[in-house]
Amino acid sequence: MSNRLRVGMVGYKFMGKAHSNAYRSLPMFFPSAPLQPEMSVICGRNEQGVQEAASQFGWSESITDWRELVRRDDIDLIDINAPSDAHKEIALEAARQGKHLFCEKPLALSLADSREMLQAAEEAGVAHMVGFNYRFSPAVQLAKELVQSGRLGKIYHFRAFFLQDWIMDPSFPLVWRLQKEVAGSGSHGDLGAHLIDLARFLVGEFKEVIGMSETFIKERPLASEMTGLSAKGSSNADAPKGEVTVDDATLFLARFADGALGSFEATRFAAGHRSTNSFEINGSLGSVRFDFERMNELEVYFTKDDEDVQGFRRVLATDPAHKYAEAWWPAGHTIGFEHTFTHEMLELVTAISEGRQPEPSFHDGVACQAVLEAVERSVTERRWVSIEEM
């Protein structure tokens, strides 16, 4: 088997740039990775846009037809970071063609679709991974180790929030992320999905949920241009508008299978919060706190510390003892958002080389989608909803 993994990527904007950077960084910082990605073909609907992206990001070739891409014999992996409504169709065809799959979250628009994607990938016998990149922060990996090793004791609480403010202006255009038929859901599926995955990764499976949600701005000007989380539209008061069909904010409570309690908040209407992704875990022997805006740090508290020095300590997760840290810079020299994707791709190529499924796989994408839809059902029916119902 060649040590090259020939990648074809569908999507070239926000996530396309993040993934491209990861593929380019992997050989430099993880030269011993068992497979090295070859940035073969990038695909997008806009011919000029995708050509420019290919040149800027370092792809060998660009095309506009994803169907042509997934059928090529010189491609091993299909990376899907197009809008959410395209995930299923691309993944199903790529699986039929025997391609390994990497798909951004949320996996699909619905639980039924995500299960169909998982089944197709399993039947094809290909590797499949879903893009929950926040798992791959060294500080989050440290939190996982503290939970798994029992150093926090029995876990009582997991509380988390993902707060942004980029659509608070009522004149901000109606981008695809605000349209249910394209995005599936709003802050719930975009931001809440990350919180749900972190909770499952760190604490365990969900048992039941109860939630509430709100759409604060019901209509917005139609967008004339969109790129990532930015867009352009008419500021004229008489400009045509469209309906916002997703949530602006969703909050929910949860019980975990092991008895722990959880609280979750995802909103794009938290003024002053550009991207505050935080969680806290409380156990019988200690607690940890994490905020991605200070992603290199984990606050740690142990109940067994002497009383005169008890308190949260700041652990800078940049020493060689912390996962992934040794590959980067000397201790104390921090890393950023983009590095989580490089770690993610390292897991992907390692799993493919070892003949196992990466973590998180489509199984995790399906489990996350089940929680997302359980919360939505709870909002509609105004009751606790068991995950088993889904």
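Here is what the cut-offs are and how they apply
Residues numbered from 1 in each chain as written. Predicted model: local features only at pLDDT ≥ 70, side-chain atom pairs only at ≥ 80, totals over all residues. Heavy atoms only, no water. Helix = DSSP H or I, 4+ residues; strand = E, 2+ residues; numbered from the N terminus. Rg over C-alpha atoms; globule rule 2.2 N^0.38 Å. Buried < 20%, exposed > 50% of the residue type's maximum accessible area, 1.4 Å probe, protein only. Areas by Shrake-Rupley, 256 points an atom, 1.4 Å probe, with all protein chains shown as cover. Lys, Arg positive; Asp, Glu negative; His and termini not counted. Charge placed at Lys NZ, Arg CZ, Asp CG, Glu CD. UniProt positions renumbered as here; feature names shortened; annotations may be inferred. Core = buried A, V, L, I, M, F, W, Y, C linked by side-chain atoms within 4.5 Å. Contact = heavy atoms within 4.5 Å. Expected span 1.5 Å × (residues − 1). Pairing = 2+ DSSP bridges. Axes fitted to C-alpha atoms, helices over the stretch in contact; angles between N-to-C directions. Salt bridge = Lys/Arg side-chain N within 4 Å of Asp/Glu carboxyl O. Polar contact = N/O pair within 3.5 Å; in protein donor to acceptor, adjacent residues only side chain to side chain.

Chemist: Quick question: what am I supposed to make of the overall build of the chain here?
Modeler: What the chain contains, in helices and strands, is 10 helices and 19 strands. Relative to the 2.2 N^0.38 estimate, which gives 21 Å for 390 residues, the radius of gyration of the chain is 21 Å and therefore close to what a compact globule would have. Principal-axis analysis of the C-alpha atoms places the extent of the chain at approximately 65 × 55 × 40 Å. A buried classification covers 57% of the 390 residues belonging to the chain. Carbon and sulfur atoms make up 47% of the accessible area of the chain, which totals about 17000 Å². Mean positive and mean negative side-chain charge positions of the chain (40 and 57 charges, respectively) differ by 1 Å.

Chemist: Would you take a moment to explain the UniProt feature "domain: Gfo/Idh/MocA-like oxidoreductase N-terminal" (unreviewed entry) in the chain for this structure?
Modeler: UniProt feature "domain: Gfo/Idh/MocA-like oxidoreductase N-terminal" (unreviewed entry): in the numbering of this structure it lies at residues 5-132. Along residues 5-132 the backbone is 44% helical and 23% strand, and the end-to-end C-alpha distance reaches 21 Å.

Chemist: How should I be thinking about the nonpolar core in this particular structure?
Modeler: Generally speaking, soluble globular proteins have nonpolar side chains that are buried together. In this structure, Ile 78, Phe 158, Phe 206, Phe 264, Phe 279 and Ile 281 are the most contacted members of the largest nonpolar core, which totals 112 residues. The residues contacting Phe 206, other than those within four sequence positions of it, are Ile 196, Ala 199, Arg 200, Phe 252, Ala 254, Arg 255, Phe 256, Ala 257, Phe 264, Val 371 and Ile 387. With 10 residues, the next largest nonpolar core counts Trp 166, Leu 178, Val 244 and Val 246 among its residues.

Chemist: Please clarify how helix H1 (residues 14-29) should be interpreted in this entry.
Modeler: The α-helix advances 3.6 residues per turn, and as a result positions three or four apart in sequence lie on the same side. Look at H1: 22 Å from first C-alpha to last across 16 residues, which is about the 22 Å you get at 1.5 Å a residue. The complete set of buried residues in H1 reads Met 15, Gly 16, Ala 18, His 19, Ser 20, Ala 22, Tyr 23, Ser 25, Leu 26 and Phe 29. Its buried side turned inward, H1 meets strand S1 (4-10), strand S2 (36-43), helix H2 (47-57), strand S4 (77-80), strand S5 (100-104) and helix H9 (337-354).

Chemist: Sorry if this is basic, but what is going on with the sheet that holds strand S19 (residues 385-386) here?
Modeler: Sheets are built from strands that pair by backbone hydrogen bonding, the pairs being arranged parallel or antiparallel. A sheet is described by the order of its strands in space; here 9 strands give the open sequence S18-S17-S16-S15-S7-S14-S13-S8-S19, paired in mixed fashion. Edge positions in the sheet fall to strand S18 (313-316) and S19, since each of these pairs with one other strand and no more. Here strand S7 (residues 155-163) runs beside strand S15 (residues 276-283); their pairing, made up of 8 bridges, is antiparallel. Within S15, the position partnered with Ile 155 by the bridge is Gly 283. Against the sheet, helix H8 (residues 187-202) contacts S7, strand S8 (206-214), strand S13 (249-256), strand S14 (261-267) and S15, and its axis sits at roughly 155 degrees relative to S7.

Chemist: Explain the pattern of salt bridges to me, please; I cannot follow it from the model alone.
Modeler: For side chains bearing opposite charge, pairing can occur when the charged atoms are close. The final tally for this structure, using the stated rule, is 30 salt bridges. Salt-bridge contacts for Arg 200 lead to Asp 364; the nearest nitrogen and oxygen are separated by 3.1 Å. Of this pair, Arg 200 sits in helix H8 while Asp 364 sits in helix H10 (residues 362-381), and the two are 164 residues apart along the sequence. Residues Glu 354 and Arg 356 are paired through a salt bridge, measuring 2.7 Å at the closest nitrogen-oxygen approach. A single network of salt bridges, built from pairs that share partners, joins Arg 135, Asp 197, Arg 200, Glu 205 and Asp 364.

Chemist: Before we go on, may I ask you to explain H10 in this structure?
Modeler: In a regular helix each residue adds 1.5 Å, so 20 residues correspond to 28 Å; H10 covers 28 Å between its end C-alpha atoms and thus fits that length. Most of H10 is tucked away: 14 of the 20 residues are buried. Residue Ser 361 occupies the N-cap position of H10, its side-chain oxygen lying 3.1 Å from the main-chain nitrogen of His 363. Arg 382 occupies a position one or two residues after H10 and carries a positive phi of about 55 degrees.

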